[in-house]
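# Residue-level structural notes
Given next are the chains, with one letter for each unit.
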Number of protein chains: 2
Amino acid sequence: MLTAKVLITLKKSILDPQGNTIKRALNSMGYPEVADVRQGKMMEVKLNDMAREKAVAIVDEMCQKLLANPVIEEYSFELVED
Amino acid sequence: MLTAKVLITLKKSILDPQGNTIKRALNSMGYPEVADVRQGKMMEVKLNDMAREKAVAIVDEMCQKLLANPVIEEYSFELVED
């Protein structure tokens, strides 16, 4: 079985208020060394047996269509064998 | 500058309704080969210059205290040099 580990982050040019809030919380909790926080999503997608090339194409399509919002987010993924 | 890439996932024994909803959505969008989806969070924490050992200790502490909920979530992180 193949598992796709998909990482979805906001594009660098897009503000990340949630990450900023986490940064401020950490600073005020006694971690002044935290300079920046960006938040993103992670998804583990398990796929039934198929060829690796087909899996790459399918996961890319799923990211475009449902998992990520290509207008403001970018994604990357790797496939690992279970 | 050091960046900690933190991954936070629900423990295996905890139900993931959000992941399950994504799985069903993908299945109904024409991807019957998706067997399971688990959703998690990813955070990039940038730290001002410090020794690697100290950074590991600090990030671990931040995960315990704020970033993850150790009751239902598990976390892992790696430090990369920018």
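The structure this text deals with has already been given above.
A brief report on the enclosed structure follows. Just so it is clear, the structure is predicted and the values come from calculations on it, not from any experiment.

As a further point, take the pattern of salt bridges. Residues and elements named next belong to chain B. Enumeration over the complete set of coordinates arrives at 10 salt bridges over all chains. Close ionic contact of Lys5 with Glu44 constitutes a salt bridge, the shortest N to O distance being 3.1 Å. In this pair, Lys5 sits in strand E1 (residues 2–10) while Glu44 sits in strand E2 (residues 34–47), placing the two residues 39 residues apart along the sequence.

Listed as interface residues are 34 residues of chain A and, on the opposing side, 33 residues of chain B. Contact with chain B buries area across many residues of chain A, yet A:Tyr31, A:Glu33 and A:Met42 alone supply 22% of it, more than any other trio. For the pair chain A and chain B, the number of links is 0 salt bridges. Counting the contacts that link chain A with chain B gives 14 residue pairs in polar contact (both at pLDDT 80 or more). Sorting the residues of the side of chain A that touches chain B by element identifies strand E1 (2–10), helix H1 (17–28), strand E2 (34–47) and helix H2 (52–67) of chain A as the ones contributing at least two each.

This part takes up the side chain of A:Thr3. Residues and elements named next belong to chain A. Mapping Thr3 onto the fold places it in strand E1. Within the structure, the side chain of Thr3 is placed 2.8 Å from the side chain of Asp82, a separation counted as a polar contact. Thr3 has contacts with Glu44, Val45, Lys46, Glu78, Leu79, Val80 and Asp82, leaving out every residue within four places of it along the chain.

What counts, and where the lines are drawn
Residues numbered from 1 in each chain as written. Chains lettered and ligands numbered in written order. Predicted model: local features only at pLDDT ≥ 70, side-chain atom pairs only at ≥ 80, totals over all residues. Heavy atoms only, no water. Salt bridge = Lys/Arg side-chain N within 4 Å of Asp/Glu carboxyl O. Helix = DSSP H or I, 4+ residues; strand = E, 2+ residues; numbered from the N terminus. Contact = heavy atoms within 4.5 Å. Buried area = accessible area lost by both parts, 1.4 Å probe. Polar contact = N/O pair within 3.5 Å; in protein donor to acceptor, adjacent residues only side chain to side chain.

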